[in-house]
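# Examining the three-dimensional arrangement
So the chains spell out like this:
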Amino acid sequence: MLNCFVPEPQGLARLDPPPAVIPEHCLWVDLLEPTLDEERAVEQLLAIEVPTREEMREIEASNRLYEEDGALYMTATVLTRIDTERPEAAAITFILVGNKLITNRYHDTLPFRRFMAYAERHPSAAASAPAILAGLLESMIERIADVLERVGADLDELSAGVFAPQRRRGTFSRDMRTVMGRIGRSGDLISKSRESLVSLGRLLSFVQQSGLVTLSPELRARFRTLSRDVLSLSDHAS
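Below is a summary of the structure that appears in this document. (Residues numbered from 1 in each chain as written. Predicted model: local features only at pLDDT ≥ 70, side-chain atom pairs only at ≥ 80, totals over all residues. Heavy atoms only, no water.)

Glancing now at the pairing of strand S7 (residues 100–105). The buried fraction of S7 amounts to six of the six residues, a majority that puts the element mostly inside the structure. Of the two faces of S7, the one holding Lys-100, Ile-102 and Asn-104 and the one holding Leu-101, Thr-103 and Arg-105 are both buried throughout. Connecting strand S6 (residues 88–97) to the next strand, S7, in antiparallel fashion are two residues, including Gly-98 with a positive phi near 60°. (Buried < 20%, exposed > 50% of the residue type's maximum accessible area, 1.4 Å probe, protein only. Helix = DSSP H or I, 4+ residues; strand = E, 2+ residues; numbered from the N terminus. Pairing = 2+ DSSP bridges.)

Here it is as C-alpha cells:
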C-alpha cells in the first residue's frame, strides 16, 4: 500500500486514492507492505533506491545509516506486536530526500497510527519532512516508555506477591510456573525495548550530524530532547 500525505491548513492529509504521480507538495510517502510495482514507482519518481523487506532484514547494524546521492537512508529497529504473546523487533526504513520523507515498513504499528491521527489536526506537526520524522520518532519513543512503565508495574506486582508474608500469599506461591512465565515475557520486552532504543539513538545522532538535512533551531532542539529521552529510557530499562 502506498500512501501520500500533503500539508493542508487543518493538518496532514492523505490523498485518496493514491495519485499515479507523486505531487511536488507531497511531504510524506508511506509504503506499508508495498508491492514491487509500488517500490519501483517511488524509486523512479524520486530517483532513490527503496530497500526490499529481505534487504532490510539483512542490513547489519553498522550499515543501517548512510548517505547516497543526496538522500539519507536510516533503518531502525522498532518494537511491534507488543500486546501479543510474541512481541517482535521489526525493521523500518526512513529515507529523507529533499523535503520528502519516505517510510518503508511491513507492520502497521500503533505509533504510526497515533502520529497520523495527531498530524491530521495539528498543521505544525507536518510543516516539513524532518518535522514528520521527528513526530514519528517521538511517537515510537513514547510507546517504548509506555511499555517499560507497564513492565515495571508488572514486576512490582510479582515482587510484592513473592515476598509477601506467608499468610497473605494465598495461592500465589503455588503458581510459580506462571510467575516465571511473566518474568520471562517482561525480560523479553525489556530486551527488545533496549534494542529499539539503541537503534533510535543512533538514528537521532545521524540526523543531527548530517549535512544533507537543514534543521531549524526548534527542530534541532526537538531532536536533542529525543536523544536525551532515549538515553534516559535506556538507563531505566537497565
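Attention now goes to the sheet that holds strand S4 (residues 65–68). Spatially, seven strands are ordered S2-S1-S3-S7-S6-S5-S4 in an open sheet, and the strand pairing comes out mixed. Strand pairing shows two members of the sheet lacking a second neighbour, strand S2 (11–14) and S4, which therefore form its edges. With strand direction ignored, the average angle separating the axes of adjacent strands in the sheet is 25°. Here strand S3 (residues 28–32) pairs with S7 via five bridges, running parallel. Residue pairing for S7: Trp-28 is matched across the bridge by Leu-101. Across the sheet, helix H3 (residues 110–119) lies against strand S1 (2–8), S2, S3, S6 and S7, angled at about 150° from S3, the strand it touches most. (Axes fitted to C-alpha atoms, helices over the stretch in contact; angles between N-to-C directions. Contact = heavy atoms within 4.5 Å.)

Looking only at helix H1 (residues 36–46), the buried set comprises Glu-39, Val-42 and Leu-46. When H1 is viewed along its axis, its buried side chains cluster within an angular range of 65° and face the same direction. In H1, the exposed residues that point more than 90 degrees away from the buried face are Asp-37 and Gln-44. Contacts made by the buried residues of H1 are with S1, S3 and S7. (Arc of directions from axis to C-beta.)

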